[in-house]
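Given next are the chains, with one letter for each unit.
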Amino acid sequence: MEVHYEELSHRLSPGTSYTNLGSSLDLASIADLEEENIQGSLRFSLFYDQLQSRLVVTVLDAQDLAVRDFSHSVDPFVWVRLLWAEREDEEQSSMQCVLEEWQTRLVKKSCSPVFGDQFSCTLAEEEVSKVTVRFEVRDFDKYSRQEILGEARAPLNSLKLSYPLELREELQVPKKDMVGEVLLSLKYMPTSQRLEVGVLKIRTVCHPNKTDRALYGRTSITCNHCKLRHQSTTQKKRWEVTVFNEVLTFVLPDQQIRECTIIVSVYEIQPSKKSSKHLIGHIHIKKGKTSEDEHWKLMMQSLRQPIAKWHSIFI
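Keep in mind that this is a model prediction, so the values were computed, not measured.

**Digging into the environment of S71**
Okay, step 1: Summarising the element assignment, S71 is placed in the loop between β2 (54-63) and β3 (76-84).
Okay, step 2: Taking the relative accessible area as the measure of exposure, S71 reaches 29% and is therefore partly exposed.

**With respect to the pattern of salt bridges**
Okay, step 1: Scanning the entire structure with this criterion turns up 18 salt bridges.
Okay, step 2: We note a salt bridge from E268 to R238, for which the minimum N-O separation is 2.1 Å. Of the two residues, E268 is situated in strand β15 (residues 261-269) and R238 in the loop between β13 (236-237) and β14 (241-251); the sequence distance between them amounts to 30 residues. In this pair, the class of E268 matches that of R238, namely buried.
Okay, step 3: Through salt bridges with shared partners, a single network forms among R134, E136, R138, E151, R153 and D177.

**What to know about the packing of aromatic side chains**
Okay, step 1: Under the counting rule described, the total for this entry stands at three aromatic pairs.
Okay, step 2: Their ring planes at 5° and their centres at 5.3 Å tell us that W102 and F119 sit as a pair that is stacked. Highlighted residues: W102 in strand β4 (residues 97-103) and F119 in strand β5 (residues 114-122), separated in sequence by 17 residues.
Okay, step 3: Ring geometry for Y216 and Y267: centres 5.3 Å apart, planes at 15°, overall stacked. Here Y216 is found in strand β11 (residues 214-223), whereas its partner Y267 is found in strand β15, with 51 residues between them in sequence. As far as burial versus exposure is concerned, Y216 and Y267 are alike and both buried.
Okay, step 4: In this structure, K237 packs its charged tip against the face of W239, placed 5.4 Å from the ring centre.
Okay, step 5: One residue, K277, lies across the ring of Y267, its end atom 4.9 Å from the ring centre.

**What to know about the pairing of β15**
Okay, step 1: Burial analysis of β15 places nine of its nine residues in the buried class, which makes it a mostly covered element.
Okay, step 2: Taking every second residue as pointing to the same face, both faces of β15 are buried, with T261, I263, S265, Y267 and I269 on one and I262, V264, V266 and E268 on the other.
Okay, step 3: Relative to β15, β11 is paired through nine bridges, and the arrangement is antiparallel. Note on β15: the bridge partner recorded for R218 is S265.
Okay, step 4: One ladder, built from eight bridges, connects β15 with strand β16 (residues 278-286); its direction is antiparallel. If you follow V266 over to β16, its bridge partner there is G281.

**Structural notes on helix α4 (residues 294-301)**
Okay, step 1: Within the sequence span of α4, burial applies to H295, W296, M299 and M300. End-on view of α4: buried residues confined to an arc of 135°, all on one side of the axis.
Okay, step 2: Next to the buried residues of α4 lie β9 (178-189), β10 (194-203), α3 (254-259), β15, β16 and β17 (307-314).

**Thoughts on the environment of Q63**
Okay, step 1: By the secondary structure assignment, Q63 is in strand β2.
Okay, step 2: In contact with Q63, not counting residues within four places along its chain, are G40, S41, C111, S112 and R168.

**So, the sheet that holds strand β7 (residues 147-155)**
Okay, step 1: Within the open sheet, the four strands sit side by side as β4-β3-β6-β7. Their pairing is antiparallel. Looking at the sheet topology across the chains shown, the edges are occupied by β4 and β7. On average, each strand axis in the sheet is tilted by 20° relative to the strand beside it, whichever way the strands run.
Okay, step 2: Where β3 meets strand β6 (residues 131-139), nine bridges bridge the pair, whose relative direction is antiparallel. Bridge assignment links V80 to a residue of β6, and that residue is F135.

**Let's talk about the sheet that holds β10**
Sheet strands pair via backbone hydrogen bonds, and the direction of the pair is either parallel or antiparallel.
Okay, step 1: Spatially, the four strands line up as an open sheet ordered β14-β10-β9-β17, and their pairing is antiparallel. Two strands lie at the open edges of the sheet, namely β14 and β17, each paired on one side alone. If you compare each strand with its neighbour and ignore which way they point, the axes differ by 25° on average.
Okay, step 2: Where β10 meets β14, nine bridges bridge the pair, whose relative direction is antiparallel. Looking across to β14, one finds that V199 is bridged to E246.

What counts, and at which threshold
- Residues numbered from 1 in each chain as written.
- Predicted model: local features only at pLDDT ≥ 70, side-chain atom pairs only at ≥ 80, totals over all residues.
- Heavy atoms only, no water.
- Helix = DSSP H or I, 4+ residues; strand = E, 2+ residues; numbered from the N terminus.
- Buried < 20%, exposed > 50% of the residue type's maximum accessible area, 1.4 Å probe, protein only.
- Salt bridge = Lys/Arg side-chain N within 4 Å of Asp/Glu carboxyl O.
- Phe/Tyr/Trp six-rings, centres within 6.5 Å; stacked < 30°, edge-to-face > 60°.
- Lys NZ or Arg CZ within 6 Å of the ring centre and 35° of its normal.
- Pairing = 2+ DSSP bridges.
- Arc of directions from axis to C-beta.
- Contact = heavy atoms within 4.5 Å.
- Axes fitted to C-alpha atoms, helices over the stretch in contact; angles between N-to-C directions.

Without other data, these values stay purely geometric and don't point to any function.
Given below as structure tokens:
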């Protein structure tokens, strides 16, 4: 079995022609957003301190945010991510990695909140032009998924940051950023009621300052929004293409397998530090009618045979 999966993963390398499948679970609410539901603006400032080689990001305030229909209020906060690409001319669909991410404080019941939160990180001067700052304005709700109110982006290659630069940007519909790919193999054996999920390879962009990281994948099986089973791969040192070739087996009743959702979460850890687990992103595969669920259809059409495909990880 192990030899078979190794041969399968060898034939399906990242350079092979394939169909990108899957998406991040956190993007489910993005898909439902329509342009007319996005309103408001965000004010922030950016500054690069050349003497200390530090990038300083300050989230100042937001104005005229959309409110919830049922409460006519909003509890906003801002999620800030620094997205790094290997080359300055990377297209938006190319793979990136998250250098840093921060969250502002929560401001309750305000459509025009004032934040005043400042964040900074060490960043070499030659790296500045490869970074895009993504500001994601969210509405906090502890009882359900946090709603995304809109986003603003600031590509640093087009800005002069030798002095603090203050900007106000209109919020836009959030866009997906690809941060990795996972080569998965699926096999369903109806007689023994087994579902095999093979985590073969994980491809990510490695920043030179994050060479001491490790990766692992956690596979969960859910049905009707209830988690039924979960298993994790072993931890592997992070490379541009990290090879796992591990098969996770789940034994479930036939009806649950046919209606379940397979969720693969990719985590990054720093072995030298405790509590350093960081979620890179999710992919999810299920029975459905969209092109993203093609892998599920192929698995059900090819019983007892492993079917491998690459899936993109988005944030």
